[in-house]
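Spelled out, the chains give:
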Amino acid sequence: MKWAYAVAAVGALVLPVVLAPGQLTVFILLGLSAMAVVGLSLLMGYAGQVSLGQAAFTALGAYTSGLLSLHHAPPLLALVAAPVAAALAAVVVGVPILRLRGHQLAFATLALQILLLSVLSGAQWAGGAVGLQGLPYLSVGGFELDQDLDYAYLVVGGVLLVSLIAHRLVHSRVGRGLRALATGEMAAEASGVPVGAYRLLVFAVSAAFAGLAGGIYCFFLGYLAPGSFPVLLSIEYVVMAVVGGLGSIAGALLGAALITVVVQLLTSLATQPGMPSYAPSVLSYAVYALLLIAVVLFVPKGIVPTLRRSL
Amino acid sequence: MPALLTVSGATRRFGGVYALRDVDLDVAPGETHAVIGPNGAGKSTLFKLIGGQLVATAGTIAYDGERIDRLAPHRRARRGIAIAFQDSPVFRGMSVAENVMVGAHAITSAGPMSAILRLPRHRREETRIRGLAAQALDRAGLSPWADQPAESLPLGRQRALQVARALCGAPRLLLLDEPASGLRGPERSALAALIEQLRGEGLSILLVEHDVAFVARLADRVTVLDLGQVIASGPFAEIRTDSAVVAAYLGGPT
């Protein structure tokens, strides 16, 4: 597997320079998705919890950064506040909803996202359905990140950061407790694993990753609207995590890359002249569904764990 | 010597049905105490009340002089109570050694921040946990399989693995839930030898078991449950001739 990491590292460093401007945007969005998916993969793979509303935390992070910078907070502070706010929100909603299991939890998180989107659309202070506009660029110590290329490398750094955090968390006392509770909750608890607190921890960490992605997104795009964080984005995260392989960091990255590329190809197909106006959404939903079904049927553990075992 | 574990008047009702009614039981330090009884006698219920997986309707459970009946299971583990469950499998997707290392949770406390920042505390504890796990694996005779996936072990070694995981938390009281059930002859005697060894080392053990021969070999004292109540308690030699016990259990086709 070593060579695969080397290829990924070289790709992440070289691609931003060689990609065309339009492709660079896709690269940045891919990286942002990857950050959220690493967290979701931890949540689903280790805590055994499904979140169908993970994009709500991306939205929370983005709006936190956006609102703070509109109110003249230093941009770096606004960016750091994004994962913090998302994690805090996860703790607050996590205490009641993590009591739920399986489908119930999935629907509860989905409901939370729909709720958040409708609050954001109606709230004057959040710009309503129009959203926030005229957001500044991110600047650090006088250096303003005003090029797509800057954000591409910022995103590469973000992906590295969340991957490192996830890796270190998994390979620790806490990580072993998490892996144990995923397959034997009662025995894990009897071994001294505080099951509830650990579930909440992973939920908060996964939210923080999504929130950080949202924060970067806000500075990259310069405007925010509730429509930027549809339920489809949450579903996209889930499909990416499942395709790559739950509980695998490399899987999360691969899943994000694969799905992003496929969706891009389909979008360019769907927006060809002569295609009906509903083609893009039909194609994306249908493809997510088909990919999910195919993976669950043929590679139930996801691509990376399956490759690992056969190598 | 005061008892390590004292169960007094433990009662558990499910709706209108008593699974356990006014049960008293204690485990002295260093003692191996067995609870036997026919199916439905309330053995598992009693076990789960002590472990914290169920809450008693009435009665108290004291451990080391303090009441523990309102503590969450993981807090009881931190006090030194370790459990090997009958129906809870090993942790899948983890190696044998990693399974055992989970047991060290009860006596370690490095949190997520020290793991993410790889603080000295994390490193120190990891080293300690590895050492404890190696010892526990050795005591349970599992060292040769340390790096194998836990779910690939045969059932007898999986039970030994659960005991090793429990030992990794340096417990003072070991609860064993029907450890011999489903095991084949040689596996059964290997497990009995392991428990005998722990008993020899002075560990207090509460053994819930269906297999009378297994209990006869290991237990200092036996409490017999029937229909949720204690019908006899004492050394195995005494209770085996008790008429109530014979009628309820030993005389039956087991």
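In the nomenclature of an unreviewed UniProt entry, chain B is known as ABC transporter ATP-binding protein of Paractinoplanes tereljensis.

As recorded in an unreviewed UniProt entry, chain A goes by Branched-chain amino acid ABC transporter permease and comes from Paractinoplanes tereljensis. Taken verbatim from the UniProt record of chain A, the Subcellular location (unreviewed entry) comment is "Cell membrane".

On to the sheet that holds strand S6 (residues 81-84) of chain B, then. All names here are of chain B. The strand order across the open sheet built from six strands is S6-S7-S8-S3-S9-S10, with neighbouring strands paired in mixed fashion. Taken across any chain shown, the strands that pair with only one partner, and hence form the sheet edges, are S6 and strand S10 (229-234). Averaged over all pairs of adjacent strands, the angle between their axes in this sheet comes to 15 degrees, without regard to strand direction. Note that strand S3 (residues 32-36) and strand S8 (residues 204-208) share four bridges and pair parallel. Each residue of the ladder has a partner; that of Thr 32, found in S8, is Ile 205. Running at roughly 150 degrees to strand S7 (residues 173-177), helix H1 (residues 43-51) makes contact with S3, S6, S7, S8 and strand S9 (221-226) of the sheet. Seen against the sheet, helix H7 (residues 185-200) touches S3, S7 and S8 and runs at an angle of roughly 150 degrees to S8.

Next up on the list: the packing of helix H2 (residues 21-46) of chain A against helix H11 (residues 249-270) of chain A. Residues and elements named next belong to chain A. At a minimum axis distance of 8 Å, the contact between H2 and H11 shows a crossing angle of 140 degrees. One element, H2, and the other, H11, form an angle in the oblique class. You can see that H2 and H11 cross each other, and the crossing is right-handed. Between H2, through Val 26, Leu 30, Ser 33, Ala 34, Val 37, Val 38 and Ser 41, and H11, the contact on the second element is made entirely by Ile 249, Ala 252, Leu 253, Ala 256, Ala 257, Thr 260 and Gln 264. Here the residues of the contact of H2 with H11 sort into 10 nonpolar, four polar and no charged.

Before going further, it helps to spend a moment on the environment of Pro 75 of chain A. Residue and element names in this part refer to chain A. In this structure, Pro 75 sits in helix H4 (residues 75-97). When the C-alpha positions of Pro 75 and Ser 65 are compared, they lie 7.7 Å apart, and in sequence the two are 10 residues distant. Not counting chain neighbours up to four residues away, the residues in contact with Pro 75 comprise Tyr 137, Leu 138, Ser 139 and Phe 219.

Attention shifts here to the interface of chain A and chain B. In this complex, chain A contributes 24 residues to the contact, which on the side of chain B involves 35 residues. Roughly 2600 Å² is buried in total at the junction of chain A and chain B, and carbon and sulfur atoms are behind 62% of that figure. When residues of chain A are sorted by the area they lose upon contact with chain B, Arg 173, Arg 176 and Met 186 of chain A head the list and together hold 29% of the total. The interface formed by chain A and chain B contains two salt bridges. With a shortest N-O distance of 2.9 Å, Arg 176 of chain A and Glu 126 of chain B are connected by a salt bridge. Taken together, the links from chain A to chain B amount to 13 residue pairs in polar contact (both at pLDDT 80 or more).

Looking along a regular strand, one sees side chains alternate from face to face of the sheet. Residue and element names in this part refer to chain B. Among the five residues that make up S3, five are buried, leaving the element largely enclosed by the rest of the structure. Here S3 shows no split at all, with Thr 32, Ala 34 and Ile 36 on one side and His 33 and Val 35 on the other all buried. In this structure, S3 lies alongside S9, joined through four bridges in parallel fashion. Bridging from a neighbouring strand, Val 35 pairs with Thr 223 of S9.

Moving on to the sheet that holds strand S1 (residues 5-14) of chain B. Residues and elements named next belong to chain B. Strand order in the open sheet formed by four strands is S2-S1-S4-S5, and the pairing between neighbours is antiparallel. This sheet does not close on itself; its edge strands, each paired only once, are strand S2 (17-27) and strand S5 (66-67). The sheet contact formed by S1 and S2 spans seven bridges and is antiparallel. When the bridges of S2 are listed, Thr 6 appears paired with Asp 26.

About the criteria used
- Residues numbered from 1 in each chain as written.
- Chains lettered and ligands numbered in written order.
- Predicted model: local features only at pLDDT ≥ 70, side-chain atom pairs only at ≥ 80, totals over all residues.
- Heavy atoms only, no water.
- UniProt positions renumbered as here; feature names shortened; annotations may be inferred.
- Pairing = 2+ DSSP bridges.
- Helix = DSSP H or I, 4+ residues; strand = E, 2+ residues; numbered from the N terminus.
- Axes fitted to C-alpha atoms, helices over the stretch in contact; angles between N-to-C directions.
- Contact = heavy atoms within 4.5 Å.
- Parallel < 35°, antiparallel > 145°, perpendicular 65-115°, else oblique.
- Left-handed = near helix turned anticlockwise from the far one by under 90°.
- Nonpolar A, V, L, I, M, F, W, Y, C, P; charged D, E, K, R; others polar.
- Buried area = accessible area lost by both parts, 1.4 Å probe.
- Salt bridge = Lys/Arg side-chain N within 4 Å of Asp/Glu carboxyl O.
- Polar contact = N/O pair within 3.5 Å; in protein donor to acceptor, adjacent residues only side chain to side chain.
- Buried < 20%, exposed > 50% of the residue type's maximum accessible area, 1.4 Å probe, protein only.

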